[in-house]
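The primary structure of each chain is shown beneath.
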Amino acid sequence: ISVPIAIVLHVFSGAIITIVFGRDFSGASSVLSTMAWCIIPLFMSSLTEFILISINRQQDVAKTWALTFVVNVPLNFLLIRSYGAPGAAMAVLASFVLLTLFQCFILAVHLKIPDFFRMLTRLLPSLGMVLLFLYWFKWSGWYYQVVGAASAIGFFIAVHFMIATISLNEIRSFAKKMHSHGS
């Protein structure tokens, strides 16, 4: 659900900013457009945090947030100087992606899930294609932006069905590991 939300916010960032704050703030649309993509790693991070906390790994959650902070501060320092507010948005996005990767790594190591990263990497081609769709349609008129957003969402879903992002057997294996770990 996070990908369609991110796509809609990205495509309509200019309109959202104009409607909510007026034309004087139209420059903020690039910040919203970048920040929209933070939704995806935050959705994934909330899931991994829930699992880590449920298996009594609260310290690992705290450590990943501390490490993210250590990465975020220098990134903000560097990117804000060069790009201003859009640089701050890029730093936040990069930090949230790293947070999610840190948490997924800890989860995969702790639960001994060798295929966890393989499952995650299957998401990347479809997400890359979504970004290409959005880049292509971003510079067109409203009609093309709507068509582009709908096409990107449809393409994302279709690719996931075609490449079977996560098979039923993988879900069962993960559930079994979670159940055996909790016993």
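Before any of the text, the structure's been laid out above.
Residues numbered from 1 in each chain as written. Predicted model: local features only at pLDDT ≥ 70, side-chain atom pairs only at ≥ 80, totals over all residues. Heavy atoms only, no water.

Peer 1: Sorry, what's going on with the overall build of the protein chain here?
Peer 2: Along the backbone of the protein chain there are 10 helices and zero strands. Secondary structure of the protein chain in N-to-C order comes out as α-α-α-α-α-α-α-α-α-α. Across the 183 residues of the protein chain, 35% fall into the buried class. Considering only contacts within the protein chain whose residues lie at least 6 apart along the sequence, 72% involve residues at least 24 apart. As presented, the protein chain carries roughly 10,900 Å² of accessible surface, and 74% of it is formed by carbon and sulfur atoms. (Helix = DSSP H or I, 4+ residues; strand = E, 2+ residues; numbered from the N terminus. Buried < 20%, exposed > 50% of the residue type's maximum accessible area, 1.4 Å probe, protein only. Contact = heavy atoms within 4.5 Å. Areas by Shrake-Rupley, 256 points an atom, 1.4 Å probe, with all protein chains shown as cover.)

Peer 1: It is not clear to me how the packing of helix 5 (residues 58-83) against helix 6 (residues 85-110) should be interpreted in this structure. Could you clarify?
Peer 2: Relative orientation and spacing of two packed helices are given, respectively, by the angle between their axes and the distance between those axes. Put simply, helix 5 and helix 6 touch, their axes get as near as 8 Å, and they point 155° apart. Here helix 5 lies roughly antiparallel to helix 6, going by the angle between them. The two elements helix 5 and helix 6 cross, and the hand of that crossing is right-handed. Of the residues contributing to the contact of helix 5 with helix 6, the split by class is 20 nonpolar, seven polar and one charged. (Axes fitted to C-alpha atoms, helices over the stretch in contact; angles between N-to-C directions. Parallel < 35°, antiparallel > 145°, perpendicular 65-115°, else oblique. Left-handed = near helix turned anticlockwise from the far one by under 90°. Nonpolar A, V, L, I, M, F, W, Y, C, P; charged D, E, K, R; others polar.)

Peer 1: Just checking my understanding: could you explain the pattern of salt bridges for this structure?
Peer 2: Where side chains of opposite charge bring their charged atoms close, a pairing between them can arise. Applying the stated criterion across every chain yields a total of one salt bridge. We note a salt bridge from Arg57 to Asp60, for which the minimum N-O separation is 2.7 Å. The exposure class of Arg57 is partly exposed, given its relative accessible area of 29%. (Salt bridge = Lys/Arg side-chain N within 4 Å of Asp/Glu carboxyl O.)

Peer 1: It is not clear to me how the packing of aromatic side chains should be interpreted in this structure. Could you clarify?
Peer 2: Aromatic ring pairs are reported here in terms of the distance separating the ring centres and the angle at which the planes meet. On inspection of all chains with the given rule, the structure shows two aromatic pairs. On the numbers, 6.0 Å between centres and 55° between planes, the contact of Phe21 with Phe25 is tilted. Between Trp65 and Phe96 the ring centres are 6.3 Å apart and the planes differ by 75°, which places this aromatic pair in the edge-to-face class. Within this pair, whereas Trp65 is found in helix 5, its partner Phe96 is found in helix 6, the two being separated by 31 residues in sequence. With relative accessibility at 35%, the residue Trp65 sits in the partly exposed group. (Phe/Tyr/Trp six-rings, centres within 6.5 Å; stacked < 30°, edge-to-face > 60°.)

Peer 1: Is there a simple way to think about the packing of helix 4 (residues 39-54) against helix 5 in this case?
Peer 2: Put simply, helix 4 and helix 5 touch, their axes get as near as 7 Å, and they point 145° apart. For the pair helix 4 and helix 5, the contacting residues are Glu49, Leu52 and Ile53 in the first and Gln58, Val61 and Trp65 in the second. The class makeup of the residues in the contact of helix 4 with helix 5 is four nonpolar, one polar and one charged.

Peer 1: Help me understand the nonpolar core, please; the structure alone is not making it clear to me.
Peer 2: Generally speaking, nonpolar side chains in soluble globular proteins are found buried as a group. Val3, Ala6, Ile7, Val11, Phe12, Trp37, Cys38, Ile40, Leu93, Phe96 and Leu99 together form the largest nonpolar core, which totals 11 residues. Here this core gets four residues from one element, more than from any other, and that element is helix 1 (residues 2-11). In terms of nonpolar packing, the next biggest core, distinct from the first, is built from six residues, Ile51, Leu52, Leu107 and Leu111 among them. (Core = buried A, V, L, I, M, F, W, Y, C linked by side-chain atoms within 4.5 Å.)

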